[in-house]
Amino acid sequence: MESTLTARDRVGVQDFVLLENYTSEAAFIENLRRRFGEKLIYTYIGSVLVSVNPYKDLEIYSKAHMERYRGVSFYEISPHIYAVSDNTYRAMRTERRDQCILISGESGAGKTEASKKILQYYATTCPVTDHMSTIRDRLLQSNPVLEAFGNAKTLRNDNSSRFGKYMDVQFDFRGAPIGGHILNYLLEKSRVVHQNHGERNFHIFYQLLEGGEQDQLSKLGLERNAQKYHYLVKGCCPRVSSINDKSDWKTVRKALTVIGFHEEEVEDLLNIIASVLHLGNTQFGEGEDGETQITTESHLTYLSKLLGVDGPALREALTHKKLTAKGEEMIGPLSFEQAVAARDALAKAVYGRAFTWLVAKINQSLLASKTIHQLFPLNYCSLSLPWIVFYLQDEVYNSSKGSSSVIGLLDIYGFEVFQHNSFEQFCINYCNEKLQQLFIKLTLKSEQEEYEAEGITWEPVKYFDNKIICDLVEEKHKGFISILDEECLRPGEPSDISFLEKLEDTLGGHAHFVTHKLANGKTRKAVGREEFRLIHYAGEVNYTVNGELANQSVNSRTVICQSDNQILSQCFHREEVTTQKRPETAATQFKNSLAKLIEILMSKEPSYVRCIKPNDAKQSGRFDEALVRHQVKYLGLMENLRVRRAGFAYRRRYEAFLQRYKSLCPGTWPNWQGRLADGVATLVQHLGYKAEEYKLGKTKIFIRFPKTLFTTEDALEARRPALALTLQTSWRGYRERAKYHRIRNAVIQSAWRGMKSRRKARRRRHAAEIIRKFIKGFIYRHYERCPENEYFLDHQRFSFLMTLVRNPPKSVLDKSWPVPPPSLTEASEHLCRLCMQNMMRAYCRRIQPEWKKQMEQKVVASQIFQDQKDSYPQSVPKLFVASRLDSEEFNLKVIQTLGNDKVKYGVAVTKYDRRGYKARPRQLLLTSSFAVLVAEAKLKQRIDYTALRSISVSSLTDGFMVLHVPSEDNKQKSDVVLQCDHVIEVVTKLATMADKKNKVNISQDSIKFAVARGKEAVIDFTSGPELKVAKGKKGHLLVTAPQLNPR
């Protein structure tokens, strides 16, 4: 901000706090005029933003401008609506406290546009997901819908908001928008039935007539001509050049879809809009008996259809009234004037409550998904409108206090003074009184908190406290609203004049209340007999009491409560008819809602935007000083400036102040290394600040007079040429040094490139020479060694040996060996043999004793059975075991009988008798010197290895074996026929222990064996599908076994 102070004579100051003559209203307005002339529409009063409507599009709202203000300190760059938006957003994120932005000003000052810019800034710069994108679109699309139903063309503004709006935007812990909520205040319902000359009704009526499809208009009983409707012609302004109603209708229909309105809801809403137009065209006349009756039956027919009510009941409600006397209800006719008033009251009530329903529906679509389920466990459509509005207003804030934070936007009407000021202007100005009271209170509170936080003594500030005016309006039993309620509730027919008399009796001595009767001679001329004057903080306003009581009464609407229209059935609840409780007046309702708004604002950290319109003609570049002075007064800007300037005009954090002005002091230039407070103290001492001109806080410097800051800024401006010269000198020196380094590096690089090129050339020459030698050696490779082929032959030898080194045989089973060149054939054979020997030795050294024994037995089995017996291949991968019998299976008595002869192997076998070939189970036990057959605890036969002549087996897969013993040996019975599942293992172990490896006979057809001395028997072996053992016809033993490997 300080960077523009040197141009202050041309463009003014960016912060009114820096005005030298801050108490002068003329200086204030002159500063506004200068900035407006330079298209600088934004100015600060401390943290308050003052915005002047330029009445044209300025190129300061692009996405690039948004990024420029994003994350930047509030006073670092020029004032902007984006600066306020970003500062509020960052305060919400860092302090985790809810914020609000209060936008106020007259109609046409740009309040609605300011709120749109703020929403667009958040929609563009905040993080967003798919769900959040939907919420963002609904937030943005709620604007055209609310503008269609709540805005109208006035003398001051073609798109004037005729209601107050407070919108909460809800953010999650990441700072992304996840929901929203809108509160509306004091819709100008009188505009539905009456408009001043040059003004229009609400936009939606004209948009429907201009943009609606013909079939839709016919269904609603409407014609595409606004001149035919009584409620649309009073202002004599059905068309406006700056408004395209047809295009706006398409925008509104699209926005309703985006927000989430169902087609049935849109249809019911349009029925209500059309019914208001038909109500306006409903005319009354006198019947034969002088009673009031409806003369336009066609409109009544459409009314009953669109409102979903009974036609005769509606006719009676518009032409008669119910009176209750002594507990009895009586129906009496209405006069012509009363019937017209009842018709207009019904039109205003229907439109006003439909607008409230519309806001509640938008709120439902803007709530975060979690909040919706928490707030609406029931069906939304089953809830009546008053319940919805009350529930949302009281609960939505509590639901957002968890992990989410809120930024509120208050777009409220400014102080209004017209030639004729009605009850609505009274409510608007009362609202501004409350907001001004809040504004001054929070501004003083903020100032005091900042002073106390920085350790600066707070000096009390004198200011006009408008609490006296607020009490005049809202004080219990004695305030304006209490008197109005009392007058409405008293028996009899209250009148406006009696209400004015009651005001004079109660408030007659108040300094801020004047009537024609109470005024002095000079003032009496300016106050009418049916008017009263309130002296507000912003000036004096005369209010008329005509229609004041009519505005407060809420007539029974029994017929509308029976409506089939889903919206009206929610807006007009049947409890309103049956309850005996007197409803609150409009003034009390507004006071309560305003109190709720003040409570909401007090719970948040506020920021302010004050909007000013430069002229009434809506012309760009035109600055009407009288009009601007009027608004400056009504907005309380001078009072705000005086409060802000009561202490120190300028304050900055130490780091920012020191960074900007450190070049003005040799002690702080170019860098200060100590504490920031000490650096600032050194700087201001060098600049010659007087003690009364500044104070040093804990983190900030406070400067009392703008002149002190201007002097400092002028000194910086004078210092800048010297700084520029220093920077230029440093830059030139740096540039020349860099040039020297580039030249030096270029020379070094040139020498290096030359050396690299020479090395590369040498490598290429050497490579060419090698290639020539290689080719020549390849041609002479079959000749004896000579100079032509010696390089090639050496290369061959080297390649062969390197191949052998890199890829030697990996194991003793690996028989691969590279093919040697002819000159190395003999050497290759020696190397191969030596390699295998080394691998064998290494393998043998690594082998375990158990595995060695296993391999020895496998070698014996291979020598005996390989290519001889069919079951041998299946036995190769199976390891031989030490014994096939566990120690528990050995009979203890047998072990004792054997004595010192230890059993080294045992296996279960089947013994076939020599006569009859009966199979008997036996155990075959092998010791170191003999083999024994055991049956239970008996030794059936002992066969000494020395007496064992041979062992016979078949070539098939059977498990038969015959142990041949000498027949002349009386100790031996005869040959033994055994059958075992592990015949190869048993025969191998037996042959090894008995040293009978060469005595194993493998027969293909039959085996002969001795059954007694001189007698022999035969075992015949045949191939078959399965193993069978049987006695043959010739007395032979017939064995059938499958032949797995036929030879």
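Parameters at a glance
- Residues numbered from 1 in each chain as written.
- Predicted model: local features only at pLDDT ≥ 70, side-chain atom pairs only at ≥ 80, totals over all residues.
- Heavy atoms only, no water.
- UniProt positions renumbered as here; feature names shortened; annotations may be inferred.
- Helix = DSSP H or I, 4+ residues; strand = E, 2+ residues; numbered from the N terminus.
- Rg over C-alpha atoms; globule rule 2.2 N^0.38 Å.
- Buried < 20%, exposed > 50% of the residue type's maximum accessible area, 1.4 Å probe, protein only.
- Salt bridge = Lys/Arg side-chain N within 4 Å of Asp/Glu carboxyl O.
- 1 Å grid on protein atoms, 1.4 Å probe; cavity = no way out; pocket = protein on both sides within 12 Å on 5 of 7 lines; lining within 4 Å.
- Points joined across faces, edges and corners; volume = space filled by probe spheres on them.
- Nonpolar A, V, L, I, M, F, W, Y, C, P; charged D, E, K, R; others polar.
- Pairing = 2+ DSSP bridges.
- Axes fitted to C-alpha atoms, helices over the stretch in contact; angles between N-to-C directions.
- Patch = residues over 30% accessible without salt bridge, like charges linked within 9 Å, V, L, I, M, F, W, Y side chains within 5 Å.
- Areas by Shrake-Rupley, 256 points an atom, 1.4 Å probe, with all protein chains shown as cover.
- Lys, Arg positive; Asp, Glu negative; His and termini not counted.
- Charge placed at Lys NZ, Arg CZ, Asp CG, Glu CD.
- Core = buried A, V, L, I, M, F, W, Y, C linked by side-chain atoms within 4.5 Å.
- Contact = heavy atoms within 4.5 Å.
- Phe/Tyr/Trp six-rings, centres within 6.5 Å; stacked < 30°, edge-to-face > 60°.
- Lys NZ or Arg CZ within 6 Å of the ring centre and 35° of its normal.
- Polar contact = N/O pair within 3.5 Å; in protein donor to acceptor, adjacent residues only side chain to side chain.
- Parallel < 35°, antiparallel > 145°, perpendicular 65-115°, else oblique.
- Disulfide = S-S within 2.5 Å.

In the annotation of an unreviewed UniProt entry, the entry for the protein chain reads Myosin Ic, paralog a, and the organism field reads Oncorhynchus kisutch. What UniProt states about the protein chain under its Subcellular location (unreviewed entry) heading is, verbatim, "Cytoplasm, Cell cortex". One UniProt comment on the protein chain, placed under Sequence similarities (unreviewed entry), says "Belongs to the TRAFAC class myosin-kinesin ATPase superfamily. Myosin family."

J.: Just checking my understanding: could you explain the overall build of the protein chain for this structure?
T.: What the protein chain contains, in helices and strands, is 37 helices and 31 strands. What you see for the protein chain is a C-alpha radius of gyration of 56 Å, clearly larger than the 31 Å of a compact globule of 1047 residues, by over 25%. Viewed in the frame of its principal axes, the protein chain has a C-alpha envelope of about 170 × 95 × 60 Å. Looking at the protein chain as a whole, 49% of its 1047 residues qualify as buried.

J.: Help me understand the pattern of salt bridges in this model?
T.: Opposite charge on two side chains lets them pair, provided their charged atoms get close. Summed over all chains, the structure comprises 37 salt bridges. Here Arg162 ties to Glu188 by a salt bridge, and the two come within 2.6 Å at their closest N and O atoms. Within this pair, whereas Arg162 is found in the loop between strand S5 (160-161) and strand S6 (164-171), its partner Glu188 is found in the loop between strand S7 (177-185) and helix H7 (190-193), the two being separated by 26 residues in sequence. Note on Arg162: relative accessible area 9%, which makes it buried.

J.: Explain empty space enclosed by the protein to me, please; I cannot follow it from the model alone.
T.: The method is simple in principle: a probe with the dimensions of a water molecule rolls over the atoms, and the space it marks as empty is what remains. Following the criterion strictly, the structure yields seven cavities of 30 Å³ or more and no others. In this structure, the largest cavity is lined by 13 residues; those nearest its centre are Ser104, Asn432, Leu435, Gln436 and Arg610. Those elements that place two or more of their residues in the lining of the largest cavity are strand S3 (99-105), strand S12 (405-413) and helix H17 (423-454). Per-element tally for the lining of the largest cavity: the top contributor is H17, with four residues. Here the residues of the lining of the largest cavity are counted per class, giving nine nonpolar, three polar and one charged.

J.: Is there a simple way to think about the sheet that holds strand S28 (residues 1006-1012) in this case?
T.: Working definition: the strands of a sheet are paired by backbone hydrogen bonds and lie parallel or antiparallel to each other. On the basis of which strands lie adjacent, the open sheet formed by four strands has the order S28-S29-S31-S30 and mixed pairing. Only two strands of the sheet have a single neighbouring strand rather than two, namely S28 and strand S30 (1028-1031). Across the sheet, the mean angle separating the axes of adjacent strands is 20° when strand polarity is ignored. Relative to strand S31 (residues 1037-1041), S30 runs antiparallel, the two sharing four bridges.

J.: Could you clarify how one ought to interpret the sheet that holds strand S13 (residues 513-515) in this entry?
T.: As summarised here, the arrangement of the three strands in space is S13-S14-S15, forming an open sheet in which the pairing is antiparallel. Each having just a single partner strand, S13 and strand S15 (539-544) make up the two edges of the open sheet. The sheet shows a mean angle of 25° between the axes of neighbouring strands, taken without regard to direction. Bridge count for strand S14 (residues 531-536) against S15 is six bridges, and the pairing is antiparallel. Looking at S15, one finds that Glu531 is bridged to Thr544.

J.: Looking at this model, I keep getting lost on a positive patch on the surface. Mind explaining?
T.: Judged by side-chain charge, Arg753, Lys756, Arg758, Arg759, Lys760, Arg762, Arg763, Arg764 and Arg765 come together as a positively charged surface patch. You can see Arg765 is positioned in helix H31 (residues 706-779).

J.: Sorry if this is basic, but what is going on with the nonpolar core here?
T.: If you look at soluble globular proteins, the nonpolar side chains tend to sit buried side by side. If you look at the biggest cluster of nonpolar residues, it comprises 104 residues, and the most contacted ones within it are Phe149, Phe205 and Tyr351. With residues up to four places along the chain from it excluded, the contact list for Phe149 reads Phe202, Ile204, Leu269, Ile273, Tyr351, Phe355 and Leu358. Counting 89 residues, the second largest nonpolar core, distinct from the first, contains Phe513, Ile600, Ala649 and Leu709.

J.: Teacher, can you tell me more about the packing of aromatic side chains here?
T.: Given two aromatic rings, one states the distance between the centres and the angle between the planes to describe the pair. Summed over all chains, the structure comprises 26 aromatic pairs. Measuring from centroid to centroid gives 6.0 Å for Phe261 and Trp357, while their planes differ by 70°, and the two rings are edge-to-face. Residue Phe261 is found in the loop between helix H10 (245-259) and helix H11 (263-280), and its partner Trp357 is found in helix H14 (residues 336-366); the two are separated by 96 residues along the sequence. By relative accessible area, which is 7% here, Phe261 ends up buried. Judged by its relative accessible area of 1%, Trp357 falls in the buried class. A connected cluster of aromatic rings, assembled from ring pairs, spans Tyr61, Tyr82, Tyr89, Tyr121, Tyr122 and Phe171. Here Lys361 stacks its cationic end above the ring of Phe261, 5.9 Å away from the centre of that ring. Here the guanidinium or amino end of Lys773 rests over the ring plane of Tyr791, the centre of that ring lying 5.8 Å away.

J.: Would you mind showing me how to read the side chain of Ser24 here?
T.: With respect to the helices and strands, the residue Ser24 is situated in the loop between helix H1 (8-11) and helix H2 (25-37). Separated by 3.4 Å, the side chain of Ser24 and the backbone nitrogen of Ala26 make a polar contact. A polar side-chain atom of Ser24 sits 3.1 Å from the main-chain amide nitrogen of Ala27.

J.: So what exactly am I meant to see when it comes to the side chain of Glu265 here?
T.: Tracing the backbone through its elements, the reader meets Glu265 in helix H11. A relative accessible area of 10% places Glu265 in the buried class. Side chain to side chain, Glu265 and Lys361 meet in a polar contact 3.2 Å long.

J.: Mind showing me how you'd approach the environment of Ser51 here?
T.: Here Ser51 lies in strand S2 (residues 48-52). According to the relative accessible area criterion, Ser51 is buried, its value standing at 9%. Along the chain, Ser51 and Thr957 lie 906 residues apart, while their C-alpha atoms are 110 Å from each other. Discounting chain neighbours no more than four positions away, the residues touching Ser51 are Ile41, Tyr42, Arg610, Cys611 and Ile612.

J.: Mind showing me how you'd approach the packing of helix H8 (residues 203-211) against H11 here?
T.: The packing of two helices is summarised by the inter-axis angle and the distance between the axes. For the pair H8 and H11, the least separation of the axes is 11 Å and the interaxial angle reads 100°. When the axis of H8 is compared with that of H11, the two are roughly perpendicular. The residues of H11 that touch H8, namely those facing Ile204, Phe205, Leu208 and Leu209, are Leu270, Ile273, Val276 and Leu277. Each residue belonging to the contact of H8 with H11 can be placed in one class, and the counts come to eight nonpolar, no polar and no charged.

J.: Sorry, what's going on with the UniProt feature "binding site: ATP" (unreviewed entry) in the protein chain here?
T.: Per the UniProt entry, the sites bearing "binding site: ATP" (unreviewed entry) are Gly105, Glu106, Ser107, Gly108, Ala109, Gly110, Lys111 and Thr112 in this numbering. Relative to the helices and strands, Gly108 resides in the loop between S3 and helix H5 (111-125). Setting aside residues up to four positions removed in sequence, Gly108 forms contacts with Asn53, Tyr55, Arg156, Asn157 and Lys613. Judged by its relative accessible area of 12%, Thr112 is buried.

J.: Is there a simple way to explain the state of the cysteines in this structure?
T.: Covalent bonding between the sulfur atoms of two cysteines is what defines a disulfide. Overall, the coordinates contain zero disulfides when judged by the stated rule. With no disulfide of its own, Cys237 has Cys236 as its nearest cysteine by sulfur position, at a separation of 8.7 Å. Residue classification places Cys237 among the buried positions, given a relative accessible area of 13%. Cysteine Cys611 is unpaired, with the sulfur of Cys431 as its nearest cysteine sulfur at 15 Å. Look at Cys611 and you get buried, because its relative accessible area is 0%.

J.: Sorry, what's going on with the environment of Val50 here?
T.: Relative to the helices and strands, Val50 resides in strand S2. Residues Val50 and Ala91 lie 41 residues apart in sequence; the distance between their C-alpha atoms is 20 Å. Discounting chain neighbours no more than four positions away, the residues touching Val50 are Phe16, Leu32, Ile41, Tyr42, Thr43, Ile45, Arg610, Ile612 and Leu637.

J.: Help me understand the pairing of S14, please; the structure alone is not making it clear to me.
T.: Regular strands have side chains that alternate between both faces of the sheet. Burial within S14 is extensive, with five of its six residues counted as buried. Two elements, S13 and S14, share three bridges in a ladder whose sense is antiparallel. Pairing of Phe513 across the sheet is with Leu534, part of S14. In this structure, the hairpin formed by S14 and S15 is closed by a connection of two residues.

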